[in-house]
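Close look at the chain arrangement
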Amino acid sequence: MYEHDRYSQPERKFSTGLPIGVMLLAMVAIGAYLFVGSALSSAPQQSVAIVLPTPVAPSK
């Protein structure tokens, strides 16, 4: 609506650099947060052991 009333003025050109830069910065910040959080975690690494029951011969 506003654009058709602007006579003899150049068209606006929008840049996508700022939104893409903000998005990449947010991704790097989240990745750094997760990396630092996992490095500072004091929980020891746990391993999972699966123990299967020994088969028993069927009684007759």
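My aim in this report is to walk through the structure given alongside it, one point at a time. Residue indices follow the written sequence of each chain, beginning from 1 at its first position. Totals for whole chains, interfaces and linings use all residues, but because this is a predicted model, local features are given only for residues with pLDDT of at least 70 and pairs of side-chain atoms are given and counted only at 80 or more. Note that the side-chain values use all heavy atoms of the structure and ignore hydrogens as well as water.

1. Regarding the overall build of the protein
- A run of H or I in DSSP becomes a helix once it reaches four residues, and a run of E becomes a strand once it reaches two; helices and strands are each numbered from the N terminus. Assigned secondary structure in the protein consists of one helix and zero strands.
- Throughout, exposure labels follow a simple rule: accessible area from a 1.4 Å probe, protein chains only, divided by the maximum for the residue type, with under 20% read as buried, over 50% as exposed, and the rest as partly exposed. Buried residues in the protein amount to 2% of all 60 residues.
- As displayed, the protein has an accessible area near 6,600 Å², and 68% of this comes from carbon and sulfur atoms. To measure how exposed things are, a 1.4 Å probe is used in the Shrake-Rupley method; for residues, cover is taken only from the protein chains shown.

2. A word on helix H1 (residues 17–40)
- One less than the residue count of a helix, multiplied by 1.5 Å, gives the span that helix is expected to have. The terminal C-alpha atoms of H1, which comprises 24 residues, lie 34 Å apart, in line with the 34 Å expected from a rise of 1.5 Å per residue.
- Little of H1 is tucked away, with zero of its 24 residues classed as buried.

3. Notes on a nonpolar patch on the surface
- Taken together, Ile20, Met23, Leu24 and Met27 make up a surface patch of nonpolar side chains, about 420 Å² in accessible area.
- Along the chain, the position of Met23 falls in helix H1. Patches were defined on residues exceeding 30% relative accessible area and lacking a salt bridge, with like-charge contacts within 9 Å and nonpolar side-chain contacts (Val, Leu, Ile, Met, Phe, Trp, Tyr) within 5 Å. What makes a salt bridge here is a side-chain nitrogen of Lys or Arg within 4 Å of a carboxyl oxygen of Asp or Glu, nothing more.

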